[in-house]
Amino acid sequence: MQELDRGGLEEIEAFAAVAELGGFAAAAKRIERDASVISRRVSQLEARLGVRLLVRTTRRVAVTEAGESYLKRVQIILEELSAANIEVTEKAAAPQGLLRVSAPVTFGRLWLAPLIAGFLRQYEHIRVDLRFSDRIVDLVAEGFDVAVRVGVLPSSSLQSRRIGGHRMLLAASPNYLRTAGTPKRPEDLPRFACVGFTGNSSWPDWRLQSGAKRKLVRPVCRFITDNSEAALAAAVDGAGIVLAPDWLVGTSLHEGKLVELLSGWTVKGDGGVYTVLPPGRLIPKKSRAFIDYLTTELKPRGQWTRRPTGDKGAGRRKR
(Lines give C-alpha, C1' and ligand atoms only; values in the text may rest on other atoms or scores of the structure.)
Protein backbone atom coordinates (compact mmCIF):
# COMPACT_ATOMS: atom_id res chain seq x y z
CA MET A 1 0.00 0.00 0.00
CA GLN A 2 1.40 3.38 -1.02
CA GLU A 3 1.76 5.87 1.79
CA LEU A 4 0.20 9.30 1.28
CA ASP A 5 2.60 12.04 2.37
CA ARG A 6 1.98 15.78 2.18
CA GLY A 7 3.39 15.93 -1.33
CA GLY A 8 1.03 13.18 -2.45
CA LEU A 9 -1.93 15.01 -0.94
CA GLU A 10 -0.98 18.21 -2.76
CA GLU A 11 -0.80 16.25 -6.02
CA ILE A 12 -4.29 14.86 -5.45
CA GLU A 13 -5.67 18.32 -4.60
CA ALA A 14 -4.12 19.71 -7.78
CA PHE A 15 -5.57 16.95 -9.95
CA ALA A 16 -9.06 17.31 -8.39
CA ALA A 17 -9.03 21.06 -8.93
CA VAL A 18 -8.02 20.74 -12.60
CA ALA A 19 -10.58 18.02 -13.24
CA GLU A 20 -13.40 19.89 -11.52
CA LEU A 21 -12.65 23.31 -13.03
CA GLY A 22 -11.54 22.13 -16.48
CA GLY A 23 -8.18 23.85 -16.64
CA PHE A 24 -4.85 24.59 -14.97
CA ALA A 25 -5.38 28.35 -14.75
CA ALA A 26 -8.66 28.01 -12.85
CA ALA A 27 -7.14 25.35 -10.59
CA ALA A 28 -4.18 27.62 -9.89
CA LYS A 29 -6.54 30.37 -8.68
CA ARG A 30 -8.35 27.98 -6.35
CA ILE A 31 -5.17 26.55 -4.82
CA GLU A 32 -3.28 29.86 -5.05
CA ARG A 33 -0.28 28.42 -6.85
CA ASP A 34 1.20 29.04 -10.30
CA ALA A 35 -0.30 27.01 -13.13
CA SER A 36 3.14 25.52 -13.76
CA VAL A 37 3.21 24.18 -10.19
CA ILE A 38 -0.25 22.64 -10.65
CA SER A 39 0.80 21.02 -13.92
CA ARG A 40 3.94 19.58 -12.33
CA ARG A 41 1.99 18.13 -9.40
CA VAL A 42 -0.48 16.41 -11.72
CA SER A 43 2.39 14.97 -13.79
CA GLN A 44 4.03 13.67 -10.62
CA LEU A 45 0.77 12.04 -9.56
CA GLU A 46 0.35 10.37 -12.95
CA ALA A 47 3.95 9.12 -12.84
CA ARG A 48 3.50 7.76 -9.33
CA LEU A 49 0.28 5.96 -10.26
CA GLY A 50 1.49 4.91 -13.71
CA VAL A 51 -1.82 6.03 -15.22
CA ARG A 52 -2.79 8.98 -17.43
CA LEU A 53 -5.48 10.96 -15.61
CA LEU A 54 -5.75 14.00 -17.90
CA VAL A 55 -5.47 14.59 -21.62
CA ARG A 56 -3.98 18.00 -22.31
CA THR A 57 -4.51 19.89 -25.58
CA THR A 58 -3.85 23.47 -26.56
CA ARG A 59 -7.53 24.33 -26.03
CA ARG A 60 -8.75 22.24 -23.14
CA VAL A 61 -8.04 19.61 -20.55
CA ALA A 62 -10.10 16.40 -20.60
CA VAL A 63 -10.35 13.76 -17.88
CA THR A 64 -9.62 10.19 -18.95
CA GLU A 65 -11.80 7.25 -17.97
CA ALA A 66 -9.28 6.28 -15.32
CA GLY A 67 -9.20 9.90 -14.19
CA GLU A 68 -12.99 10.01 -13.79
CA SER A 69 -12.95 6.92 -11.61
CA TYR A 70 -10.04 8.23 -9.54
CA LEU A 71 -11.70 11.65 -9.15
CA LYS A 72 -14.86 10.18 -7.64
CA ARG A 73 -12.85 8.40 -4.97
CA VAL A 74 -10.51 11.23 -4.04
CA GLN A 75 -13.33 13.80 -3.88
CA ILE A 76 -14.82 11.85 -0.99
CA ILE A 77 -11.45 11.76 0.77
CA LEU A 78 -10.84 15.48 0.27
CA GLU A 79 -14.34 16.38 1.50
CA GLU A 80 -13.89 14.26 4.61
CA LEU A 81 -10.49 15.79 5.27
CA SER A 82 -11.87 19.31 4.88
CA ALA A 83 -14.77 18.52 7.20
CA ALA A 84 -12.42 17.02 9.77
CA ASN A 85 -10.16 20.08 9.69
CA ILE A 86 -13.10 22.46 10.14
CA GLU A 87 -14.63 20.36 12.89
CA VAL A 88 -11.39 20.22 14.86
CA THR A 89 -10.91 23.96 14.41
CA GLU A 90 -14.46 24.68 15.53
CA LYS A 91 -14.11 22.51 18.62
CA ALA A 92 -11.20 24.65 19.69
CA ALA A 93 -13.24 27.84 19.37
CA ALA A 94 -16.49 29.10 20.81
CA PRO A 95 -19.53 29.21 18.50
CA GLN A 96 -19.53 32.57 16.81
CA GLY A 97 -20.75 34.60 13.86
CA LEU A 98 -24.09 35.56 12.35
CA LEU A 99 -26.77 32.86 12.49
CA ARG A 100 -29.62 33.37 10.00
CA VAL A 101 -32.81 31.57 11.01
CA SER A 102 -36.12 31.19 9.18
CA ALA A 103 -39.29 30.34 11.10
CA PRO A 104 -43.06 30.25 10.54
CA VAL A 105 -44.72 33.50 11.58
CA THR A 106 -47.00 32.40 14.42
CA PHE A 107 -44.98 29.49 15.78
CA GLY A 108 -41.84 31.60 15.61
CA ARG A 109 -43.42 34.50 17.47
CA LEU A 110 -44.98 32.33 20.18
CA TRP A 111 -42.27 29.74 20.76
CA LEU A 112 -38.94 30.86 19.28
CA ALA A 113 -38.78 34.61 19.85
CA PRO A 114 -39.01 34.26 23.68
CA LEU A 115 -35.98 31.93 23.61
CA ILE A 116 -33.62 34.16 21.63
CA ALA A 117 -32.49 36.39 24.50
CA GLY A 118 -31.52 33.37 26.59
CA PHE A 119 -29.65 31.85 23.65
CA LEU A 120 -27.71 35.09 23.12
CA ARG A 121 -26.79 35.23 26.79
CA GLN A 122 -25.54 31.66 26.66
CA TYR A 123 -23.58 32.15 23.41
CA GLU A 124 -22.27 35.68 23.57
CA HIS A 125 -20.27 35.47 20.31
CA ILE A 126 -23.26 34.58 18.15
CA ARG A 127 -25.57 37.11 16.49
CA VAL A 128 -29.04 36.00 15.35
CA ASP A 129 -31.02 37.22 12.35
CA LEU A 130 -34.49 35.66 12.78
CA ARG A 131 -36.85 36.06 9.82
CA PHE A 132 -40.53 35.12 9.92
CA SER A 133 -42.24 33.70 6.85
CA ASP A 134 -44.90 31.06 6.24
CA ARG A 135 -43.47 30.15 2.84
CA ILE A 136 -40.87 27.40 2.44
CA VAL A 137 -37.65 29.35 2.00
CA ASP A 138 -34.73 28.10 -0.09
CA LEU A 139 -32.04 27.81 2.58
CA VAL A 140 -29.12 27.76 0.14
CA ALA A 141 -30.32 30.44 -2.29
CA GLU A 142 -31.46 32.79 0.48
CA GLY A 143 -28.50 32.23 2.77
CA PHE A 144 -30.20 30.74 5.84
CA ASP A 145 -28.24 28.60 8.30
CA VAL A 146 -31.26 26.98 9.96
CA ALA A 147 -35.00 26.81 9.32
CA VAL A 148 -37.66 25.75 11.79
CA ARG A 149 -40.59 24.02 10.12
CA VAL A 150 -43.87 22.76 11.54
CA GLY A 151 -46.09 20.04 10.08
CA VAL A 152 -45.37 17.07 7.87
CA LEU A 153 -41.85 17.43 6.48
CA PRO A 154 -41.48 16.43 2.81
CA SER A 155 -38.51 14.34 1.78
CA SER A 156 -35.56 16.34 0.45
CA SER A 157 -31.77 16.56 0.46
CA LEU A 158 -31.89 18.90 3.47
CA GLN A 159 -30.71 17.73 6.86
CA SER A 160 -33.53 17.66 9.41
CA ARG A 161 -33.94 16.95 13.10
CA ARG A 162 -37.26 16.45 14.86
CA ILE A 163 -37.31 18.47 18.07
CA GLY A 164 -40.95 17.97 19.00
CA GLY A 165 -44.33 16.69 17.90
CA HIS A 166 -47.76 18.24 17.65
CA ARG A 167 -51.31 17.24 16.91
CA MET A 168 -54.37 18.97 15.52
CA LEU A 169 -57.42 19.21 17.75
CA LEU A 170 -60.90 20.74 17.96
CA ALA A 171 -61.61 23.33 20.64
CA ALA A 172 -64.16 25.95 21.65
CA SER A 173 -64.68 28.34 24.54
CA PRO A 174 -66.72 27.26 27.58
CA ASN A 175 -69.11 30.19 27.00
CA TYR A 176 -69.84 29.10 23.45
CA LEU A 177 -70.43 25.49 24.52
CA ARG A 178 -72.82 26.59 27.30
CA THR A 179 -74.92 28.36 24.69
CA ALA A 180 -74.63 26.02 21.70
CA GLY A 181 -74.11 22.66 23.34
CA THR A 182 -71.31 20.17 22.69
CA PRO A 183 -70.80 18.04 19.55
CA LYS A 184 -70.70 14.33 20.32
CA ARG A 185 -69.39 13.08 16.97
CA PRO A 186 -67.87 14.58 13.80
CA GLU A 187 -71.23 14.45 11.99
CA ASP A 188 -72.53 17.02 14.48
CA LEU A 189 -70.00 19.69 13.55
CA PRO A 190 -71.88 21.25 10.57
CA ARG A 191 -74.66 22.21 13.02
CA PHE A 192 -72.26 24.36 15.04
CA ALA A 193 -70.62 27.69 14.27
CA CYS A 194 -66.97 27.16 13.36
CA VAL A 195 -63.89 29.32 12.89
CA GLY A 196 -62.12 28.65 9.61
CA PHE A 197 -58.35 28.91 9.19
CA THR A 198 -57.40 28.74 5.52
CA GLY A 199 -53.85 27.69 6.37
CA ASN A 200 -54.97 24.18 7.31
CA SER A 201 -53.80 21.77 4.62
CA SER A 202 -57.26 20.34 3.90
CA TRP A 203 -59.17 23.64 3.91
CA PRO A 204 -62.13 24.09 3.40
CA ASP A 205 -62.64 20.56 4.77
CA TRP A 206 -61.66 19.02 8.07
CA ARG A 207 -60.29 15.51 7.57
CA LEU A 208 -60.68 13.75 10.91
CA GLN A 209 -59.66 10.28 11.96
CA SER A 210 -59.98 8.03 14.98
CA GLY A 211 -58.07 4.80 14.60
CA ALA A 212 -59.25 3.27 11.32
CA LYS A 213 -62.28 5.58 11.11
CA ARG A 214 -62.21 8.52 8.68
CA LYS A 215 -64.60 11.46 8.51
CA LEU A 216 -64.63 14.36 6.05
CA VAL A 217 -66.40 17.40 7.51
CA ARG A 218 -67.22 20.68 5.75
CA PRO A 219 -67.53 23.17 8.65
CA VAL A 220 -69.99 26.06 8.55
CA CYS A 221 -67.81 29.09 9.28
CA ARG A 222 -69.12 32.57 9.99
CA PHE A 223 -65.53 33.74 10.43
CA ILE A 224 -62.69 32.72 8.09
CA THR A 225 -59.11 34.00 8.31
CA ASP A 226 -55.64 33.29 6.99
CA ASN A 227 -54.10 34.20 10.37
CA SER A 228 -53.94 31.48 12.99
CA GLU A 229 -53.72 33.91 15.93
CA ALA A 230 -56.87 35.67 14.72
CA ALA A 231 -58.60 32.28 14.55
CA LEU A 232 -57.46 31.50 18.09
CA ALA A 233 -58.66 34.87 19.43
CA ALA A 234 -62.06 34.42 17.80
CA ALA A 235 -62.47 30.94 19.27
CA VAL A 236 -61.48 32.16 22.76
CA ASP A 237 -64.05 34.98 22.43
CA GLY A 238 -66.82 32.50 21.61
CA ALA A 239 -67.05 32.68 17.81
CA GLY A 240 -67.23 28.91 17.48
CA ILE A 241 -65.24 25.70 17.15
CA VAL A 242 -61.71 25.87 15.76
CA LEU A 243 -59.42 23.18 14.36
CA ALA A 244 -55.90 24.11 15.35
CA PRO A 245 -52.51 22.66 16.38
CA ASP A 246 -51.89 22.06 20.07
CA TRP A 247 -48.89 24.42 20.04
CA LEU A 248 -51.32 27.22 19.16
CA VAL A 249 -54.23 26.41 21.52
CA GLY A 250 -52.40 24.50 24.27
CA THR A 251 -51.91 27.50 26.54
CA SER A 252 -55.58 28.52 26.21
CA LEU A 253 -56.62 24.94 27.03
CA HIS A 254 -54.34 24.92 30.06
CA GLU A 255 -55.79 28.22 31.27
CA GLY A 256 -59.39 27.08 30.76
CA LYS A 257 -60.12 29.57 27.98
CA LEU A 258 -60.80 26.71 25.57
CA VAL A 259 -62.10 23.17 25.93
CA GLU A 260 -60.97 20.29 23.73
CA LEU A 261 -63.76 18.55 21.79
CA LEU A 262 -64.02 15.08 20.28
CA SER A 263 -60.70 14.20 21.90
CA GLY A 264 -60.57 10.81 20.20
CA TRP A 265 -60.45 12.46 16.79
CA THR A 266 -57.49 14.19 15.19
CA VAL A 267 -56.15 15.03 11.75
CA LYS A 268 -54.30 12.43 9.68
CA GLY A 269 -50.57 12.91 9.74
CA ASP A 270 -50.50 15.51 12.50
CA GLY A 271 -46.84 16.46 12.26
CA GLY A 272 -43.77 17.58 14.09
CA VAL A 273 -41.48 20.50 14.77
CA TYR A 274 -38.22 20.26 12.87
CA THR A 275 -34.98 22.10 12.44
CA VAL A 276 -33.74 21.97 8.86
CA LEU A 277 -30.20 22.60 7.61
CA PRO A 278 -28.71 23.03 4.13
CA PRO A 279 -27.34 19.82 2.58
CA GLY A 280 -23.80 18.82 3.54
CA ARG A 281 -22.10 16.69 6.13
CA LEU A 282 -20.63 19.46 8.23
CA ILE A 283 -22.89 21.34 10.63
CA PRO A 284 -21.41 24.71 11.67
CA LYS A 285 -20.91 25.02 15.38
CA LYS A 286 -23.25 28.03 15.66
CA SER A 287 -26.04 26.04 13.99
CA ARG A 288 -25.44 23.01 16.15
CA ALA A 289 -25.53 25.17 19.30
CA PHE A 290 -28.86 26.71 18.26
CA ILE A 291 -30.47 23.36 17.46
CA ASP A 292 -29.29 21.83 20.74
CA TYR A 293 -30.62 24.85 22.61
CA LEU A 294 -34.05 24.61 20.97
CA THR A 295 -34.21 20.88 21.63
CA THR A 296 -33.41 21.40 25.32
CA GLU A 297 -35.94 24.21 25.70
CA LEU A 298 -38.84 22.88 23.65
CA LYS A 299 -38.87 19.10 24.20
CA PRO A 300 -39.92 19.35 27.88
CA ARG A 301 -42.91 21.40 26.69
CA GLY A 302 -44.40 18.33 25.01
CA GLN A 303 -48.00 19.36 25.69
CA TRP A 304 -47.39 22.94 24.45
CA THR A 305 -49.18 24.38 27.46
CA ARG A 306 -46.67 26.87 28.83
CA ARG A 307 -44.94 29.24 26.47
CA PRO A 308 -41.30 30.14 27.15
CA THR A 309 -40.64 33.33 29.05
CA GLY A 310 -36.94 33.69 28.34
CA ASP A 311 -33.70 32.46 29.89
CA LYS A 312 -34.18 30.53 33.12
CA GLY A 313 -30.48 30.12 33.66
CA ALA A 314 -30.27 26.71 32.02
CA GLY A 315 -26.67 25.91 31.21
CA ARG A 316 -23.57 27.94 31.71
CA ARG A 317 -22.70 30.87 29.54
CA LYS A 318 -20.51 29.77 26.65
CA ARG A 319 -17.43 31.80 26.00
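Before reading further, recall that the structure is shown in the block above.
Residues numbered from 1 in each chain as written. Predicted model: local features only at pLDDT ≥ 70, side-chain atom pairs only at ≥ 80, totals over all residues. Heavy atoms only, no water.

**Things to note about the environment of Pro 174**
Thinking step 1. Assignment of secondary structure puts Pro 174 in helix H7 (residues 174–180).
Thinking step 2. Separated by 84 residues in sequence, Pro 174 and Leu 258 place their C-alpha atoms 6.3 Å apart.
Thinking step 3. Not counting chain neighbours up to four residues away, the residues in contact with Pro 174 comprise Gly 256, Lys 257, Leu 258 and Val 259. (Helix = DSSP H or I, 4+ residues; strand = E, 2+ residues; numbered from the N terminus. Contact = heavy atoms within 4.5 Å.)

**Observations concerning the sheet that holds strand E4 (residues 126–132)**
Thinking step 1. One open sheet holds the 5 strands; their spatial order is E4-E3-E5-E15-E6, and the pairing between them is mixed. Among the strands making up the open sheet, the edge pair consists of E4 and strand E6 (159–166). The sheet shows a mean angle of 20° between the axes of neighbouring strands, taken without regard to direction.
Thinking step 2. Bridge count between E6 and strand E15 (residues 271–277): 7 bridges; the pairing is antiparallel. When the bridges of E15 are listed, Arg 161 appears paired with Thr 275. (Pairing = 2+ DSSP bridges. Axes fitted to C-alpha atoms, helices over the stretch in contact; angles between N-to-C directions.)

**Remarks on the nonpolar core**
Thinking step 1. Core analysis: the largest hydrophobic core is formed by 38 residues, its most contacted members being Phe 107, Phe 119, Phe 290 and Leu 298.
Thinking step 2. No other element matches helix H5 (residues 105–122), which puts 7 residues into this core.
Thinking step 3. Apart from the residues lying within four places of it in its own chain, the contact partners of Leu 298 are Phe 107, Trp 111, Leu 112, Leu 115, Ile 163 and Trp 304.
Thinking step 4. Judged by nonpolar contacts, the second largest core, of 19 residues, contains Ile 12, Ala 14, Phe 15 and Val 42. (Core = buried A, V, L, I, M, F, W, Y, C linked by side-chain atoms within 4.5 Å. Buried < 20%, exposed > 50% of the residue type's maximum accessible area, 1.4 Å probe, protein only.)

**Details of H5**
An α-helical segment advances 3.6 residues per turn. Residues three or four places apart therefore align on the same side.
Thinking step 1. The terminal C-alpha atoms of H5, which comprises 18 residues, lie 24 Å apart, in line with the 26 Å expected from a rise of 1.5 Å per residue.
Thinking step 2. At Leu 112, H5 shows its maximal kink, close to 45°; a proline, Pro 114, follows between one and four residues later.
Thinking step 3. Three or more residues of H5 are buried, namely Thr 106, Phe 107, Gly 108, Leu 110, Trp 111, Leu 112, Leu 115, Ile 116, Gly 118, Phe 119 and Gln 122. (Expected span 1.5 Å × (residues − 1). Bend = angle between axes of the 7 residues up to and from the residue.)

**Points about the pattern of salt bridges**
If the charged atoms of two oppositely charged side chains come close together, the side chains can form a pair.
Thinking step 1. Applying the stated criterion across every chain yields a total of 16 salt bridges.
Thinking step 2. Residues Arg 56 and Glu 46 are paired through a salt bridge, measuring 3.2 Å at the closest nitrogen-oxygen approach. Here Glu 46 lies in helix H3 (residues 35–49) and Arg 56 lies in strand E1 (residues 54–56), a separation of 10 residues in the sequence. (Salt bridge = Lys/Arg side-chain N within 4 Å of Asp/Glu carboxyl O.)

**Concerning the packing of aromatic side chains**
Thinking step 1. For the structure on display, the rule yields 5 aromatic pairs.
Thinking step 2. Taking the centre distance of 5.2 Å and the plane angle of 85° together, the rings of Phe 107 and Trp 247 count as edge-to-face. One end of the pair, Phe 107, is in helix H5; the other, Trp 247, is in helix H9 (residues 246–254), with 140 residues separating them in the sequence. No difference in accessibility class separates Phe 107 from Trp 247, as the two residues are buried.
Thinking step 3. A centroid spacing of 5.4 Å and a plane angle of 65° characterise the contact between Phe 119 and Tyr 293, whose relative ring orientation is edge-to-face. Here the residue Phe 119 occupies a position in helix H5, and Tyr 293 occupies one in helix H10 (residues 285–298), the gap between them amounting to 174 residues.
Thinking step 4. Judged by relative accessible area, which is 6%, Tyr 293 ranks as buried.
Thinking step 5. Geometry around Phe 144 places Arg 100 over its ring, the cationic atom sitting 4.3 Å from the centre. (Phe/Tyr/Trp six-rings, centres within 6.5 Å; stacked < 30°, edge-to-face > 60°. Lys NZ or Arg CZ within 6 Å of the ring centre and 35° of its normal.)

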